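Working through the structure, step by step
Each chain, letter by letter, is given below.
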Amino acid sequence: MDETRRTTQPPEPGATARGSGHAPRSARFAEAVRQAVAEGLLGETRPLAGFLDADGVRRSVSSLREAFATEPCLRVLHTFAAKAASLIPVLRLLADCGMGCEVSGPGELRLAFEAGFPPERIVLDSPAKTRDELRLALALGVAVNADSFGEVRRIEELRSPGSPSVLGLRVNPQVGGGSIDAMSTATATSKFGVALRDPGAREQVVRTFAERPWLTRLHAHVGSQGCSLELMAAGIAETYRLAEEINGALGTRRVTGIDIGGGLPVNFDDDEVRPAFSEYVAALRTAAPGLLDGRYDLVTEFGRSLLAKNGFIGARVEYTKDAGGRRIALTHAGAQIATRTVLVPDAWPLRIGAFDQEGRPRSGPQMVQDVAGPCCFAGDVVARARELPELREGDFVVLYDTGAYYFSTPWSYNSLPRPAVYGFAGESGALRFAPVRDAQTLDSVAAESGLHHVDALTGLVGDR
Ligand SMILES: *Cc1c(COP(=O)(O)O)cnc(C)c1O
């Protein structure tokens, strides 16, 4: 497939992100690259780093809030899905914006606490919570969405009558998948939630709520990237109808809250923020008008749509070469930082920008090039046959739209150290940078690789 047609390059400076009214992102990020190179955050000895626009993150949170604020009676807790940017300063920024946090295990729960989220604004979702994790969540008062009937029974055993935790049940409305199988959670055989259309399942859900007055919430997360607004809204509408059915059957308002998950897709093709949160709210209003009338408290769990377009990766071009008539730029951005793009390139194409040694956008004639990474496998290529200005040794490439799930979620393949992450804010021309995560040291790489057990295997004496 010709990826040059599928993924367009960043627009010329001057193009604006729809409705933002702020400096266009491409111009702001170009300024950030230039300043990062000037300040030595990117260069020969620091050939790879992630960058996050803190002002942009605040604006994205505002657009989420405003989209739901059009419903006058509605109470909403907006949580951020921690896995989309599992970095404590990023979570702290989101807590400071008034958000809650969705976590899916002990590591993310710890990060949420370190970031300062109060327990009543934390939601624990995971398909494999241990008894210990459940005990801790219940003791702290963190909300928990059970993923199965088996987990409801465990919570029943473990919870003390006065537990402050809001407790819910995740359902799978089985409305079908989107364009990326691995990201679709509402397929017939998805591992998540109670499969609602299976024979007898709906009745069992109603019974489960009837017997357990402490269950007060329904949860659905239809999918991430690749699901249409209509598909997502159909899944939430199905969950809303189930809430109405439970409350109707019990003759009381037992289900008081609906957690609609996250999953708003991100446009990786250009700078425009599309779809907007407001379009999703409109789709929800169409699919389930009663959902937003204030009778149910809502919880949201967006991740990618809040962060992706606010971040980028910068990587130095170490060498260039030609092979089989193809120009290849060997850079420091590969599978260790763009894992999904390298392993599933058709589903996760990224826009690439070309910058010179001073961090200024390269112009000039385009040529077809591969942008490859440092990992030792042939597929470690972040963009194939891409038309870009000719890259030279010492230049920089920028991988756009990587503020979620990319630099925050590195892969330790080839023992490559995790790169530094910086936040920036301020006006163009005077951006201020702050470290979010230090680059990993080689001491840390060694420690993580069993240094403290160096003699463990030679010292094991078995049959010789
Ligand atoms: C991953 C996940 C999210 C966030 O998905 P995004 O596509 O990043 O918005 C929300 N809820 C649950 C349960 C998830 O697993």
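Residues numbered from 1 in each chain as written. Predicted model: local features only at pLDDT ≥ 70, side-chain atom pairs only at ≥ 80, totals over all residues. Heavy atoms only, no water.

Some details on the side chain of Asp125
How we decide: Only runs of H or I of at least four residues qualify as helices and only runs of E of at least two qualify as strands under DSSP, and these elements are numbered from the N terminus. Only protein chains enter the accessibility calculation, which uses a 1.4 Å probe; a residue whose area is less than 20% of its type maximum is buried, one above 50% is exposed, and one in between is partly exposed. Positive residues here are Lys and Arg, negative ones are Asp and Glu, while His and the chain termini are left out of the count. We define a salt bridge as a contact between a side-chain nitrogen of Lys or Arg and a carboxyl oxygen of Asp or Glu at a distance within 4 Å. We call two N or O atoms a polar contact when they sit within 3.5 Å, provided that within protein one can donate a hydrogen and the other can accept it, with sequence-adjacent residues counted only if both atoms are side-chain atoms. By the convention used here, residues are in contact when the closest approach between their heavy atoms is within 4.5 Å.
Along the polypeptide, Asp125 turns up in strand β4 (residues 122–125). Buried charge without a salt bridge: Asp125, with Arg170 as the nearest opposite-charge side chain at an N-O distance of 5.5 Å. Polar side-chain contacts of Asp125 include one of 2.8 Å to the side chain of Asn145. With residues up to four places along the chain from it excluded, the contact list for Asp125 reads Glu102, Val103, Ser104, Asn145, His219 and Glu301.

Describing the side chain of Glu108
Mapped onto the elements of the fold, Glu108 is located in helix α5 (residues 106–115). Of the side chains with opposite charge, Lys83 lies nearest to the buried Glu108, which makes no salt bridge, at 6.8 Å. Other than its neighbours up to four places away in sequence, Glu108 contacts Ala82, Lys83, Glu102 and Val103.

Quick notes on the packing of helix α6 (residues 131–140) against helix α7 (residues 149–158)
Here is the rule: Note on definitions: angles span 0 to 180 degrees between N-to-C directions of axes, and those axes are lines fitted to C-alpha atoms, for helices only across the stretch in contact. Comment on the angle field: the value is read as roughly parallel under 35 degrees, roughly antiparallel over 145, roughly perpendicular from 65 to 115, and oblique elsewhere. The handedness criterion is simple: a crossing whose near helix is rotated anticlockwise from the far helix by less than a right angle is left-handed, and one whose near helix is rotated clockwise is right-handed.
Two elements in contact, α6 and α7, have axes separated by 10 Å at closest approach and are oriented at 55 degrees. Between α6 and α7, the crossing angle belongs to the class labelled oblique. Note on packing geometry: the crossing formed by α6 with α7 is right-handed. Listed contacts from α7 to Arg131, Leu134, Arg135 and Leu138 of α6 are Glu151, Arg154, Ile155, Glu157 and Leu158.

Comments concerning the site of the ligand
Going by this rule: A cutoff of 4 Å decides nearness: a residue is near a molecule or strand if any of its heavy atoms lies inside that distance of it. A 1.4 Å probe and the Shrake-Rupley method give the accessible areas. Residues count as covered only by the protein chains that appear here. Each residue is assigned to one class: nonpolar for Ala, Val, Leu, Ile, Met, Phe, Trp, Tyr, Cys and Pro, charged for Asp, Glu, Lys and Arg, and polar for all the others, Gly among them.
The environment of the ligand is made up of 15 residues, and the closest members are Lys83, Ser224, Gly263, Glu301 and Tyr405. At 2.8 Å, a side-chain N or O of Ser224 approaches an oxygen atom of the ligand. Summarising the interface, the protein chains cover 93% of the accessible area of the ligand, which totals 390 Å² for the free molecule. Here the residues of the shell around the ligand are counted per class, giving 3 nonpolar, 6 polar and 6 charged.

Here's the deal with a nonpolar patch on the surface
To keep things clear, this is the line we draw: Distance thresholds for patches are 9 Å for like charges and 5 Å for nonpolar side chains (Val, Leu, Ile, Met, Phe, Trp, Tyr), applied to residues having over 30% relative accessible area and no salt bridge.
On the surface, a cluster of nonpolar side chains totalling about 230 Å² of accessible area is made up of Phe113, Leu136 and Leu140. Assessed through its relative accessible area of 32%, Leu140 is described here as partly exposed.

Digging into the pattern of salt bridges
A complete count under the given rule lists 31 salt bridges for this structure. The salt bridge partner of Arg316 is Glu318, with a shortest N-O separation of 3.4 Å. Each of Arg202, Glu238, Arg241 and Glu245 takes part in salt bridges that share partners, so that together they form one network.

Some words on the domain arrangement of the protein chain
Rules: Domain start and end points were adopted from an automatic or database domain assignment. Buried area is calculated as the accessible area (1.4 Å probe) missing from two parts once they are joined, with the contributions of both summed.
Here the protein chain is partitioned into domain 1 (52–306) and domain 2 (309–437). Of the residues lining the interface, 27 residues belong to domain 1; the matching set on domain 2 comes to 24 residues. Ranking the residues of domain 1 by area buried against domain 2 places Leu52, Leu87 and Phe268 at the top, with a combined share of 34%. Here domain 1 and domain 2 share 1 salt bridge between them. The partner of Asp271 in a salt bridge is Arg351, and the shortest N-O contact between them spans 3.4 Å. Taken together, the links from domain 1 to domain 2 amount to 13 residue pairs in polar contact (both at pLDDT 80 or more). Taken together, the residues that form the side of domain 1 that touches domain 2 break down as 14 nonpolar, 5 polar and 8 charged.

Describing helix α3 (residues 54–69)
Selection rule: The span one expects for a helix is its residue count, reduced by one, times 1.5 Å. Note that the arc is computed from the directions linking the helix axis to the C-beta atoms.
In a regular helix each residue adds 1.5 Å, so 16 residues correspond to 22 Å; α3 covers 23 Å between its end C-alpha atoms and thus fits that length. Within α3 the residues assigned to the buried category are Gly56, Val57, Ser60, Val61, Leu64, Ala67 and Phe68. In an axial view of α3, the angular spread of the buried residues amounts to 140 degrees, which keeps them on one side of the axis. Among the exposed residues of α3, those oriented more than 90 degrees off its buried face are Glu66 and Ala69. Taking the backbone nitrogen of Asp55 as reference, a side-chain oxygen 3.1 Å away marks Asp53 as the first, capping residue of α3.

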